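Here is what each chain is made of, one letter per residue.
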Amino acid sequence: MPAFIGRGRRFSSRFRRGLAQPVDGASLALFRIAFGLVMAWHAIKQILPVTGGRTTAQYLYADVDFNFAHTGFSWLRPLPEPWLTLHFLLIAGAGLLVALGLFYRAAAVALFVGYTYKFLLEQADYNNHYYLMCLVQFLLIWMPAAERFSLDVRRRLRKQTQRGGPTAAAGTIPFWPVFLLRAQLFLMYFYGGISKVNADWLTGTPLLSPASRLHGFLSGSLGLPGFVTTEHVCLFMAWGGLLYDLSIGFLLLFARTRPLAIALTAIFHGINHFLFPIGVFPVMAFTATLIFFRPDWPLRLGAWAKRPSFIRPDLRWMAVGALLVPAVGAAFGWGGRRSPADDCERRDPALRPIGRAVPMFVVAWLCVQVLMPLRHYFVAGDANWTEEGQNFSWRMMLHAKGAGHIVFSVGDAALLTRDDRGRSSIDWTRWPNDDLLAVHVPVDSHGFNWRHHPGLTSTFEPIVGYRLVYSLSGTEDVRTVQQALADRWRKTIGRVPDIRCSTSLSECLSRLRARIEIRPTDWSVEKALERLDVLEKLAELHFTAGSEPASPRQLVGLVDELQQLAESPVGDVVREELGQLHPFALQGARDRLSRFLTVTDGPAADCAGLMRQLAKGAPQSPPVVWVDLGRLRPEGWKELPQAFVAFDEGRLAVFWNQFRELNRTQMQRMATRPGMIHQYAQRIAALWQEQTGRRPEVRVRSLVMLNYHQPRYLVDPGVDLAAVDYKAFSHNEWILPHKRLPLPAASVAQRQKGGGTSAIRQATFEQIDKVRR
């Protein structure tokens, strides 16, 4: 035991001396400059206008009613505008100050606090490189990264000169900051490689979508041989990424292999930049790996650039700007048989010792970074499926995961009752608010038989929203029904509505063009007419008698174009004309045998308001609303009430409409992450209790596809998520296990033929629809 203790003390002493070894601060300073500029660029991008004129910061934080804060930070709230934009400007300013080395310590603290606040606000925006940014920002607070190439050093030397004192040489730092940054990057890459050693990754399955894009690009630009399929590209990307992550840390450690490592890093991150939406990470990761070169490499590079040479100065500086570090290093003695310890060259024998705190901090930091990525091995289940232990573990780009649609149902025994026969009924007097009192009946608009439902009814459709339609039976005369409806309205409502025969899409667009053309010509009218040209061609191809039905993608494009028209300065005319369409025409319905009348109750009273009046008059018999939920776009869901009653498997149920308060990014992430699902279920229960005084049950159905296996329920639909807790460090039993069942042969054949991403995704979500139905 004494011998063991002695060896431990000697190792501790050598480790401490190694961390204290003086080295040049040039490489750490260049790391600081590159990282500060990347952070400033990243922050500015968050406040630049994108689609719809909104900024990314507004989209993620200001324009939503709820944020998925990280565990333990639910008390954080996003800043309102304009303070939110100012906050990101301050982050950008702090990043620039860090890069300049001006007021460095204060700027590093401001950068860490400001960016970490943004990071903790929203789990839906979690990314491993955002986590890496937070770690590096924290480390820079304690590192002497401004001892070279900084304005602080110039200010300090100027003050010393003015005082007449000696000007101490700047630029020497202890080795521990360089060592710790190298270790952090090594662990990130190595754990990223370890996490890829699984059956799905080794077969290339998670990379099917990006591999399809890369295959298409290479085939079009280089002309790949016919035998090279998407499957081969998947395998190449999977095994290439695995070998790179596992080996790059070791290749960077030794001088002889660093040029190769830097070249591979440039290629790897260059490909990632074009294939994956990972923002500034490729630039940050590539520049960060330069910390593995000798600490004085920027000075050597600068000395080489100033040497007399037959190479023109402008070309020489172009080489420097292009960061041709590996070639320069090999040519001017940076290689050779050197170990990583040789980077610790003594520059200043009088350097002050680092004390005990620094080695303890380094060891504690490395212990946390080594152990954190291992925690998922101690939790039951596949972390790719359960997401337990997935974050903060460098498990990067491991899966292709998607959900068809997530459904939240609210159980309130005081509101929803069932008799002995299982028949359900709603006590509308206990409804929590003044939303539309109606029963929404989900239908398949393409197969709905209107002849079985004659008379006055209501629908909910994209763009149009709620409207009243009258389904004519085969024997009814149009004029007679119009007169009867007018008389009935006059007696019950006190006014006469506008009653017209419904029209086809082609007729609607023709009338819309005529009404827009008579308006004074300006940019909005010209833009609207350009959109109408495209829409009329599409209607002629797919919405006329004898034409082929429009595909789902074409329908989405059609509705998106009409949605933009409806939100333009001519939107009032667009909505009025679309309100005269055949029911569900915008969702692809082609019922050419039925006849309809549309009933518009004046411009001042919309259909929803009229239905609320009728529901209040007869609360025990609310109106029925036909709605094709399966083909409803997110923009259409936002027009539905926050909570509404609908039939579910033949029984009445209360559903919560998450589209009203979440954006698309939040819903996509939440639908595949049990922790976020549980967090939102708790919010639903809290809001319902706040409005009614009753704590409800909240159950969830979320069908999820993982790595192109057959979709399965992610969480147990029978568990009340409002009554259970989420355990952050152990398995949650309400998360269902995943079973690896491949998709049907048709989808596999599509994959092997190198089919496009859209076809693969369509086949996948067709399977989700089948399971859900």
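Above: the structure in question.
Structure report, in brief.

A word on the pattern of salt bridges. Enumeration over the complete set of coordinates arrives at 30 salt bridges. Residue D560 pairs with R633 through a salt bridge whose shortest N-O separation is 3.2 Å. One end of the pair, D560, is in helix α22 (residues 552–566); the other, R633, is in the loop between β11 (624–627) and α25 (634–637), and 73 residues separate them in sequence. With relative accessibility at 26%, the residue D560 sits in the partly exposed group. With a relative accessible area of 21%, R633 lands in the partly exposed category. Taken together, the shared-partner salt bridges in this structure form one network comprising R511, R515, E576 and E577.

Relative to the helices and strands, S502 resides in the loop between β9 (498–501) and α20 (505–517). Only 2.7 Å separates the side chain of S502 from the side chain of H582, close enough to count as a polar contact.

On to the environment of V443. If you trace the backbone, V443 turns up in the loop between β6 (439–442) and β7 (455–461). In this structure V443 comes out as buried when scored by relative accessible area, which is 12%. Taking the C-alpha atoms as reference, V443 lies 6.6 Å from W626; in sequence the two are 183 residues apart. The contacts of V443, once residues within four sequence positions are left out, are F448, F584, W626, V627 and D628.

To continue, consider the pairing of β6. Residues in a regular strand project their side chains so that they alternate between the two faces of the sheet. Where β6 and β11 come together, 4 bridges link them in parallel fashion. When the bridges of β11 are listed, V441 appears paired with W626. Judged from the 2 bridges that link them, β6 and strand β12 (residues 643–648) form a sheet pairing that is parallel. Note on β12: the bridge partner recorded for H440 is A646.

With that out of the way, let us pick up the packing of aromatic side chains. Applying the stated criterion to the full structure yields 37 aromatic pairs. Between F138 and W365, the aromatic rings sit 5.8 Å apart at their centres with planes inclined by 5°, giving stacked as the arrangement. Residue F138 is located in helix α6 (residues 128–142), and its partner W365 is located in helix α17 (residues 357–371); the two are separated by 227 residues in the primary sequence. Assessed through its relative accessible area of 25%, F138 is described here as partly exposed. Each ring, one from F408 and one from Y680, has its centre 5.2 Å from the other, and the planes form 70°; the classification is edge-to-face.

Basis of the calculations
- Residues numbered from 1 in each chain as written.
- Predicted model: local features only at pLDDT ≥ 70, side-chain atom pairs only at ≥ 80, totals over all residues.
- Heavy atoms only, no water.
- Salt bridge = Lys/Arg side-chain N within 4 Å of Asp/Glu carboxyl O.
- Helix = DSSP H or I, 4+ residues; strand = E, 2+ residues; numbered from the N terminus.
- Buried < 20%, exposed > 50% of the residue type's maximum accessible area, 1.4 Å probe, protein only.
- Polar contact = N/O pair within 3.5 Å; in protein donor to acceptor, adjacent residues only side chain to side chain.
- Contact = heavy atoms within 4.5 Å.
- Pairing = 2+ DSSP bridges.
- Phe/Tyr/Trp six-rings, centres within 6.5 Å; stacked < 30°, edge-to-face > 60°.

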